[in-house]
Amino acid sequence: MSSRFARLSLAALISGVIGLSPISVMAADPAPAPVTAPAATPVVPAAQPDKAAENKAKKQAKKDKKAKKKAEKKAKKKAKKAEAVQQ
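This is a predicted model, so every value here is computed, not measured.

Points about the overall build of the protein chain
Summing up its helical and strand segments, the protein chain has two helices and zero strands in all. Counting only residues that meet the buried cut, the protein chain has 0% of its 87 residues in that class. Accessible surface for the protein chain amounts to roughly 9,000 Å². Of this, 65% is attributable to carbon and sulfur atoms.

Here's the deal with a nonpolar patch on the surface
On the surface, a cluster of nonpolar side chains totalling about 500 Å² of accessible area is made up of L10, L13, I14, V17 and I18. Relative to the elements of secondary structure, I14 occurs in helix 1 (residues 2-28).

What about the pattern of salt bridges?
Overall, the coordinates contain one salt bridge when judged by the stated rule. In this structure, the salt-bridge partner of K58 is E54, at a minimum N-O distance of 3.9 Å. One end of the pair is K58 and the other is E54, both in helix 2 (residues 47-86) and four residues apart, which spans about a single turn.

Some thoughts on a positive patch on the surface
On the surface, a cluster of positive charge is contributed by K62, K66, K70, K74 and K78. Within the secondary structure, K70 sits in helix 2. Since its relative accessible area comes to 64%, K70 is described here as exposed.

Cut-offs used in this document
Residues numbered from 1 in each chain as written. Predicted model: local features only at pLDDT ≥ 70, side-chain atom pairs only at ≥ 80, totals over all residues. Heavy atoms only, no water. Helix = DSSP H or I, 4+ residues; strand = E, 2+ residues; numbered from the N terminus. Buried < 20%, exposed > 50% of the residue type's maximum accessible area, 1.4 Å probe, protein only. Areas by Shrake-Rupley, 256 points an atom, 1.4 Å probe, with all protein chains shown as cover. Patch = residues over 30% accessible without salt bridge, like charges linked within 9 Å, V, L, I, M, F, W, Y side chains within 5 Å. Salt bridge = Lys/Arg side-chain N within 4 Å of Asp/Glu carboxyl O. Lys, Arg positive; Asp, Glu negative; His and termini not counted. Charge placed at Lys NZ, Arg CZ, Asp CG, Glu CD.

The following block contains the structure:
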């Protein structure tokens, strides 16, 4: 008799938890805020594109410098290797 009662209690508890789980999930999630246009849209200053162009130019200069350095290093290594072969 007690095992039947325990099984029934356990079944009721599990079904109650399963039934209430969507409610607890809904309570945990905040309601989505209504989508409205922002009151004050930030104005992009004209200096912003100049800054981007400046950064791009800097990056390109850095790449060029790196490529030049690499080429010089490669040429130096080649010359050293040729010198070693001649000796």
